[in-house]
Amino acid sequence: MLHRPARAAGAAAAAAGALLVAGLSGSASAGVRPVPPPGAAQTMRTADAPPALLRAMRRDLGLTAPQARHRLVNEAEAGATAGRLRAALGAHFAGAWVRGAESGTLTVATTDARDAAAIRARGARAVVVRHSLASLDAAKDRLDRAADRHPATDTPVWYVDVRTNALVVRAVRPAAVRPLLAAAGVDPALVRSVKSAERPRPLYDLRGGDAYYIDSSTRCSIGFPVTRGTQQGFASAGHCGRAGSTTTGSNRLAQGTFQASVFPGNDMSWVATNGNWTATPYVNGSSAQVTGSTQATVGASVCRSGSTTGWHCGTVQQLNSSVTYQEGTVSGVTRTSVCAEPGDSGGSFISGSQAQGVTSGGSGDCTSGGTTFFQPVNPILQSYGLTLRTTASGPGDPGNLGGTWSAGTVYQAGDTVTYGGAGYRCLQGHQAQPGWEPPNVPALWQRV
């Protein structure tokens, strides 16, 4: 068995509310409610963050223990507020990010100065910029498509940087940027070129804690345990193995078989395990408990656990990045300031108790520091019809009301559903779980 016995849960989720920094939730009401709806921090169960993760945050982010807990609460609330503002601003929305040791300041960008008052009313800082997030994302999509037919090894990383309102291309050879933009039909005015010596590579084939071995040869790290119906298994990186490859566990006993794998393009895979292995809601056999998969905001803290270097933390730098390895370009990954080393590939990225993704590749190491990319977990779950294994269900169940909302479905920000005869708009990307029905989690759903 991969997992160790679960340790007792931490402080009650209700206690997390006392840690809130005023102004981020945007949900305060002057009226008295007999049963107030759960805040984002309670929904995301930030009070359940494992001790190992908190210790890594203290070490890598220079925080005290209270600061680390405050930060997780603030980031949960900021994500919910940013989701509401994204829905309200529509095409004007240009991104959101948090800053400060405790992520106490949420900034939301818009292309329309008339939105500033609404942003400030939610307790966020307003910034007026030139380009919408949609226009920058569209330009990045054109670069992604161009990389399939145009060499990109000298421009290995590109992403939308909401903090500078630009599509950033990191180039080993700056002269290679313009031909790539021309091939993609991207306006250079949208782009900021950064000279960089980074040549990211996939991370695999060294020893570590909870590892798995592919075809009795190379080694990677387990990502997140999952189920598909009654079948149990785990998600990992695509470059770790191909469909049909067999795996053995860290104990070198037969474990499972890769059912599907994509790399390059994406970096995702899943392994179906035999009956001797049980999927659990824990990371690398420790007390790190996974309660959901809500996507973290730019600037939020994120921690990684891998079989070579264990726990390390940093922050989310950019979402929806693209990176070119020797094997080809991988799109839709998240760029972070977390370090990693070979053998950590496939391992878990987590923010608080929310699964974020599986380690793809990067540059640097955990001695000198580095940059690491992860493949977000929600696209893996959606692509392969997997259900993330989590701890007990969410804050409550109002009953079987029916509707188009469905547990196990991966929802993206902006998706709409009906539930109990009412319409709801998704505020933050996540995989729906029993107990996380739209009326129960205003951090994830807004009634429309």
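As the structure is a computational prediction, the values presented were derived from the model and not from experiment. (Residues numbered from 1 in each chain as written. Predicted model: local features only at pLDDT ≥ 70, side-chain atom pairs only at ≥ 80, totals over all residues. Heavy atoms only, no water.)

### Some details on the overall build of the chain
The condition that has to hold: Strands here mean DSSP runs of E at least two residues long; helices mean DSSP runs of H or I at least four residues long; both are numbered from the N terminus. Accessible area is worked out with a 1.4 Å probe on protein chains only. A residue is then buried under 20% of its type maximum, exposed over 50%, and partly exposed in between. In what follows, a contact means two residues having at least one pair of non-hydrogen atoms within 4.5 Å. Per-residue and other accessible areas were derived by the Shrake-Rupley procedure at a 1.4 Å probe size, with only the shown protein chains allowed to occlude residues.
Along its length, the chain carries seven helices and 26 strands. Expressed as a percentage of its 448 residues, the buried residues of the chain come to 56%. Residue pairs in contact within the chain that sit at least 24 positions apart in sequence constitute 63% of those at least 6 positions apart. Roughly 17,200 Å² of accessible area belongs to the chain as shown, and the carbon and sulfur atoms make up 50% of that amount.

### Quick word on the nonpolar core
Definition in use: Buried Ala, Val, Leu, Ile, Met, Phe, Trp, Tyr and Cys residues that are joined via side-chain atoms within 4.5 Å together make up what is termed a nonpolar core.
If you look at the biggest cluster of nonpolar residues, it comprises 37 residues, and the most contacted ones within it are L106, V108, L143, W158, L167, V186 and V191. Of all the elements in the fold, those that place two or more residues in this core are α3 (65-89), β1 (93-99), β2 (105-110), α5 (133-147), β4 (157-161), β5 (166-171) and α6 (177-184). Top element by residues in this core is α5. It accounts for six residues. Discounting residues that sit within four places of it in the chain, L167 has contacts with L136, A139, K140, L143, Y159, V160, V186, L190, V191 and R192. L72, M268, V283 and V290 belong to the second largest nonpolar core, which has 31 residues in total.

### Section: the packing of aromatic side chains
Let me state the cut-off plainly: Any pair of Phe, Tyr and Trp rings, taking the six-membered ring for Trp, is counted once the centres come within 6.5 Å. Such a pair is stacked with planes under 30 degrees apart, edge-to-face with planes over 60 apart, and tilted for the rest. Our definition puts a charge over a ring when NZ of Lys or CZ of Arg is within 6 Å of the ring centre and also within 35 degrees of the ring normal.
Applying the stated rule across the entire model yields six aromatic pairs. Ring geometry for W405 against Y419: centres 5.7 Å apart, planes inclined by 85°, an arrangement best described as edge-to-face. Residue W405 is found in the loop between β21 (387-388) and β22 (410-411), and its partner Y419 is found in strand β23 (residues 416-419); the two are separated by 14 residues along the sequence. W405 sits in the buried class, given a relative accessible area of 10%. Ring pairing ties together the aromatic residues Y212, F234 and F258, which thus form one cluster. One residue, R252, lies across the ring of Y213, its end atom 3.5 Å from the ring centre.

### A closer look at the state of the cysteines
Condition: Any cysteine sulfur atom paired with another within 2.5 Å is treated as part of a disulfide.
Applying the stated criterion across every chain yields a total of three disulfides. With a sulfur-sulfur separation of 2.0 Å, C303 is cross-linked through a disulfide to C313. Note on the C303 and C313 pair: the S-S dihedral is about 100°, so by sign convention the disulfide is right-handed. Remark: C313 occurs in strand β16 (residues 310-325) and C303 occurs in strand β15 (residues 301-306); sequence separation between them is 10 residues. Each of the two residues, C303 as well as C313, counts as buried. Here C339 is linked by a disulfide to C366, with a sulfur-sulfur distance of 2.1 Å. Its S-S torsion of approximately 100° makes the covalent link between C339 and C366 right-handed. Of this pair, C339 sits in the loop between β17 (328-336) and β18 (348-351) while C366 sits in the loop between β19 (354-365) and β20 (369-376), placing them 27 residues apart in sequence.

### Overview of the packing of helix α2 (residues 51-61) against α3
We apply this condition: Axes, fitted as lines to C-alpha atoms, cover a helix only where it is in contact. Angles between the N-to-C directions of the axes lie from 0 to 180 degrees. Just so you know how the angles are binned, under 35 degrees is roughly parallel, over 145 roughly antiparallel, 65 to 115 roughly perpendicular, and the rest oblique. Charged means Asp, Glu, Lys or Arg here, nonpolar means Ala, Val, Leu, Ile, Met, Phe, Trp, Tyr, Cys or Pro, and polar covers whatever is left, Gly included.
For the pair α2 and α3, interaxial distance at closest approach is 9 Å and the crossing angle is 105°. Taken together, α2 and α3 sit at an angle that is classed as roughly perpendicular. Contact residues: L53, L54, M57, R58 and L61 in α2; A65, A68, R69, R71 and L72 in α3. In terms of residue class, the contact of α2 with α3 is made up of seven nonpolar, no polar and three charged.

### What to know about the confidence of the model for the chain
Keep this limit in mind: Predictor confidence is given residue by residue as pLDDT, running from a minimum of 0 to a maximum of 100.
Counting all residues, the mean pLDDT for the chain is 87, and 87% of those residues have values of 70 or more. Taken together, the stretch residues 1-30 has pLDDT below 50 and engages in 52 contacts with residues farther than four places along the chain or on a different chain. Across residues 204-209, confidence stays below pLDDT 50; counting only partners more than four residues off in sequence or on other chains, it has 23 contacts.

### A look at the pairing of β15
Defined as follows: Two strands are counted as paired when DSSP detects at least two bridges linking them.
Among the six residues in β15, six count as buried, and that is most of the element. Here β15 folds back onto β16, and the loop between the two strands holds three residues.

### Focus: the pattern of salt bridges
Here is the rule we go by: In what follows, salt bridge is the name for a side-chain nitrogen of Lys or Arg lying within 4 Å of a carboxyl oxygen of Asp or Glu.
Considering all chains together, one arrives at 12 salt bridges under this definition. Linking R114 and D112 is a salt bridge whose minimum nitrogen-to-oxygen distance equals 2.8 Å. Here R173 makes a salt bridge to D154, at a shortest N to O gap of 3.1 Å. One end of the pair, R173, is in the loop between β5 and α6; the other, D154, is in the loop between α5 and β4, and 19 residues separate them in sequence. What makes R173 partly exposed here is its relative accessible area of 43%.

### Re the sheet that holds strand β3 (residues 125-128)
What the three strands build is an open sheet, ordered β1-β2-β3; its pairing is mixed. The sheet is open, and its two edges are formed by β1 and β3, each paired on a single side. Ignoring which end each strand starts from, the neighbouring axes of this sheet average 20° apart. On top of the sheet, α3 reaches β1 and β2; it is set at about 15° to β2, its chief contact.

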